[in-house]
Amino acid sequence: MAAERYLNHPTFGMLYRVAPAGEGRDIYATLYAQRMFFLVTLQPRGAQFEVIPYGDARYHADVNLQRCQRAGSEELENWRQLFDQTFI
């Protein structure tokens, strides 16, 4: 099961992890004000937040679902539920 991950953004508050985006980056969304998405790169001295459009976030989440499906990952259903809650 994929562990839930949260980050605290200095302006927008609590963010939750939506999907990995590769190369040490993840897609996060605002917990309370839905539909704000960030590409987050964790660095030794903090995190770099880049606001991204809804379509880009959905694309990364869809790629993650396809990767899990091809790999036969046990986490597929968890990621699918998170995708449905976030994007549908």
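What counts as what
- Each chain carries its own residue numbering, running from 1 in the direction its sequence is written.
- Only residues with pLDDT of at least 70 are given local features in this predicted model, and only at 80 or more are side-chain atom pairs given and counted; all residues enter the totals for whole chains, interfaces and linings.
- Heavy atoms from the whole structure form the basis of all side-chain values; hydrogens and water molecules are not counted.
- A pair of strands counts as paired when DSSP detects no fewer than two bridges linking them.
- Here a helix means four or more residues in a row that DSSP labels H or I, a strand means two or more in a row labelled E, and each is numbered from the N terminus.
- What counts as an axis is a line fitted to C-alpha atoms, over the stretch in contact for a helix, and the angles between N-to-C directions run from 0 to 180 degrees.
- Any two residues having at least one pair of non-hydrogen atoms within 4.5 Å are treated as being in contact.
- Salt bridge criterion: a side-chain nitrogen from Lys or Arg within 4 Å of a carboxyl oxygen from Asp or Glu.
- Each residue gets one of three labels from its accessible area relative to the maximum for its type: buried under 20%, exposed over 50%, partly exposed in between, using a 1.4 Å probe on protein chains only.

Asks: Tell me about the sheet that holds strand β3 (residues 25–30), and please be specific about residues and values.
Replies: The five strands lie next to each other as β1-β2-β3-β4-β5, forming an open sheet whose pairing is antiparallel. Each edge of the open sheet carries a strand with a single partner, namely β1 (6–9) and β5 (46–52). Neighbour-to-neighbour, the strand axes of this sheet turn through a mean angle of 40 degrees, independent of strand direction. Where β1 and strand β2 (residues 13–22) come together, four bridges link them in antiparallel fashion. In the sheet register, Leu-7 faces β2, and the bridge partner there is Leu-15. Here helix α2 (residues 76–87) sits on the sheet in contact with β2 and β4 (37–43), set at roughly 125 degrees to β2.

Asks: Break down the pattern of salt bridges for me, citing the residues and quoting the values.
Replies: Scanning all chains against the criterion turns up three salt bridges. The salt bridge partner of Arg-5 is Asp-26, with a shortest N-O separation of 3.7 Å. In this pair, Arg-5 is assigned in the segment before β1 and Asp-26 in strand β3, connecting sequence segments 21 residues apart. Close ionic contact of Asp-26 with Arg-17 constitutes a salt bridge, the shortest N to O distance being 3.3 Å. Assessed through its relative accessible area of 9%, Asp-26 is described here as buried.

Asks: Give a detailed account of the environment of Phe-49, specifying residues and quantitative values.
Replies: Inspection of the secondary structure assignment puts Phe-49 in strand β5. With a relative accessible area of 27%, Phe-49 lands in the partly exposed category. The spacing of Phe-49 and Phe-12 is 37 residues in sequence and 11 Å in space, taken between C-alpha atoms.

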